[in-house]
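Observations on the model geometry
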Amino acid sequence: MRPHLAALVLAGLSCARESGPVVFESLVGLDAPLLPGPGLRLVVPGFVFARPAEVQVDVASPLTVVTAACFDEPMVRAERVKLADPLRRDAVYPLTRLAGLTVGGRRLRVLDAGLADGRDCSVTLGADLLSGVALEVDVARRLLRFLASRPKAEWLASLEARGGEGQLLDLTRDPRHDWPLLAVRLTQGEQQLTGAFLFSTRERASRVFEEPARAAGLVAGAELLRALGLPKEAELPKALVAALPDAAGLVVDRAELAPGVGPQAVAFVLSPGPARLGLSGVLASDVWGRFDATIDVSAGVLLLHRPRLLTSGHRAQCARGEVNPSEEACFELHQARKASGLVVAATVWRSLPQGGRLYLDFPGRSPVCRMGFTFDAGDRGRSTQHVLPWPRLFETMKDCADSVSPAPAVSLGLFEEGPLRECSGVCAFAQHLRSGRVSCECQSGPQVVPPEAQRLLLEKLRARVPAGPDAGAQEPGDPEPTPAR
């Protein structure tokens with residue numbers, strides 16, 4: 001071939017390559033915002049070619065899985081793959097070729113993926129794409145960073161350089177399924193359960209299996225009442241009975257991921273049956289998401305970090321690094337304007353023994369309602385994210401939604417102790433200034449009375465109910481006031 005002709009051919013090939021999207025082998029170096037929602041989910045926006053897709057990160061899945069709704073006509077291969085699941089029936093997927101997957105503007109290489117049913121287009125990234133990748137979860141900003149895996153010693157050095165409170169934990173591997181495992185100790189009163197829990201970035205609610213929980217003496221829901229030995233004559237308030245977790249819920253005093261590390265007063269879903277595949281339960285984002293987390297399964301590392309907390313009496317101050325501690329630093333507010341509305345995330349880095357309300361200000365505007373976030377009593381590190389106004393608010397309180405919808409930004413306003421009575425759990429709320437009506441958007445999950453509140457209330461009930469042969473006698477009423485002379 002003549003030299004000038006070879007140069008033209010090479011130039012043509014170069015133009016052809018440049019005309020198509022650049023294809024990446026890895027997600028390392030990508031920062032992606034999490035999709036908005038009240039609970040913490042490792043789900044980011046993406047596309048399969050031009051089709052919008054929810055892209056979930058699952059460090060426990062060995063294979064990427066895509067739903068058929070992402071294709072007009074998916075290419076189905078003859079091969080099948082079986083994926084074990086500790087919570088659900090094992091799934092068998094046909095294989096397909098997944099091309100055109102884009103995450104955070106980055107087009108990924110073509111790969112084999114399991115093909116699942118589903119009416120919506122979604123992709124679950126598994127170990128085939130996450131090998132050699134570390135995940136950094138910024139809880140307050142709802143941001144997911146894809147980093148290169150590092151040796152354990154380097155993660156430890158980075159933790160020491162951050163300041164604040166930090167802990168490096170060991171993630172081990174299940175020998176049969178290669179799942180990431182973490183040793184967890186659950187404490188309820190004098191009873192303890194220590195076992196291997198699946199570390200999950202897919203599940204939002206932590207679970208414990210019934211058989212190991214009962215063998216350790218842990219009790220769930222209304223069984224707490226029987227364990228206290230209340231007389232049959234004790235009539236419990238309906239509100240308390242409704243608030244107590246049912247057979248699917250179990251409240252522990254503490255969930256420790258390492259000695260002294262882990263949240264207090266945590267509700268676990270109680271999954272029926274024995275330990276599945278050698279596991280005592282599943283640790284989900286409702287527990288590990290109380291911290292900023294770095295997850296490096298390849299290095300066997302879980303790095304947890306949060307601001308330093310200083311308390312003096314009822315006063316709590318927080319600080320990161322060398323910054324002077326302050327009460328304001330215990331609250332973080334981050335926001336972004338999206339097509340759906342103003343997406344606002346709030347995080348509380350101090351404990352709220354009585355619960356609390358965090359009000360929002362709308363600079364330059366005078367809404368017809370007050371808006372903010374409410375937290376029931378609980379430990380530190382809880383967060384929530386909402387679109388303001390949320391869609392249902394247009395149905396329940398339209399004038400309120402209309403008055404805040406154009407707001408370009410919000411700022412932190414007043415904080416008050418005690419939750420909003422009308423909204424149970426962790427919620428965004430709107431309260432009409434004229435009528436007092438309240439509308440809420442709350443996190444899903446077991447709605448429970450915190451253990452300390454249960455204990456105090458039940459102690460009062462026991463004191464009020466007489467025992468023995470006089471159990472049917474009525475308590476004396478308060479004395480009549482003496483008429484003034």
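For the structure given in this document, a descriptive report is provided here. In this text, all values refer to a predicted model and were calculated from it rather than measured experimentally.

Let's shift gears to the state of the cysteines. For the coordinates displayed, the defined rule picks out five disulfides. Across a sulfur-sulfur distance of 2.0 Å, Cys70 and Cys121 are joined as a disulfide pair. On the S-S bond that ties Cys70 to Cys121, the torsion sits near 105°, and the link is right-handed. Highlighted residues: Cys70 in the loop between strand E5 (65-67) and strand E6 (80-83) and Cys121 in the loop between strand E10 (111-116) and strand E11 (122-125), separated in sequence by 51 residues. The buried category is assigned to Cys70, whose relative accessible area is 4%. At a sulfur-sulfur separation of 1.8 Å, the disulfide partner of Cys423 is Cys440. What sets the handedness of the Cys423 and Cys440 disulfide is the S-S torsion sign, and at about -60° it is left-handed. Highlighted residues: Cys423 in the loop between strand E31 (411-417) and strand E32 (426-432) and Cys440 in strand E33 (residues 438-442), separated in sequence by 17 residues. A residue is classified by how much of its surface remains accessible, and Cys423, at 4% relative accessible area, is buried. Overall, the relative accessible area of 25% leaves Cys440 in the partly exposed class. By sequence order of its bonded cysteines, the chain has the disulfide arrangement 1-2, 3-4, 5-6, 7-9, 8-10.

On to the sheet that holds strand E7 (residues 91-98). Read across the open sheet, the 10 strands follow the order E1-E9-E8-E3-E4-E11-E5-E10-E7-E6; overall the sheet is mixed. What marks the edges here is a single partner per strand, and that holds for strand E1 (23-24) and E6. Pairing analysis gives three bridges linking strand E3 (residues 43-48) to strand E8 (residues 101-103), with the strands arranged antiparallel. Looking at the pairing, Phe47 lines up with Thr102 of E8.

One pass over the full model with this rule turns up four aromatic pairs. Aromatic pair Tyr359 and Phe429: ring centres 5.6 Å apart, planes at 90°, arrangement edge-to-face. Note that Tyr359 is positioned in strand E28 (residues 356-361) and Phe429 in strand E32, a separation of 70 residues in sequence. In this pair, the class of Tyr359 matches that of Phe429, namely buried. The ring of Phe24 carries the charged tip of Arg106 above its face, separated from the ring centre by 4.4 Å. Directly above the ring of Trp349 sits Arg320, whose terminal nitrogen or CZ lies 5.5 Å from the centroid.

The tally for this structure, following the rule as stated, stands at 29 salt bridges. Ionic pairing is found between Arg88 and Glu203, a salt bridge with its closest N-O pair at 2.8 Å. Here Glu203 lies in the loop between strand E17 (191-199) and strand E18 (207-209) and Arg88 lies in the loop between E6 and E7, a separation of 115 residues in the sequence. Ionic pairing is found between Asp138 and Arg141, a salt bridge with its closest N-O pair at 3.3 Å. For Asp138, a relative accessible area of 10% corresponds to the buried category. Residue Arg141 is classed as partly exposed on the basis of its relative accessible area, which comes to 47%. Among the ionic contacts, a cluster of salt bridges with common partners joins Asp58, Asp85, Arg88, Arg202 and Glu203.

Parameters and conventions
Residues numbered from 1 in each chain as written. Predicted model: local features only at pLDDT ≥ 70, side-chain atom pairs only at ≥ 80, totals over all residues. Heavy atoms only, no water. Disulfide = S-S within 2.5 Å. Helix = DSSP H or I, 4+ residues; strand = E, 2+ residues; numbered from the N terminus. Buried < 20%, exposed > 50% of the residue type's maximum accessible area, 1.4 Å probe, protein only. Pairing = 2+ DSSP bridges. Phe/Tyr/Trp six-rings, centres within 6.5 Å; stacked < 30°, edge-to-face > 60°. Lys NZ or Arg CZ within 6 Å of the ring centre and 35° of its normal. Salt bridge = Lys/Arg side-chain N within 4 Å of Asp/Glu carboxyl O.

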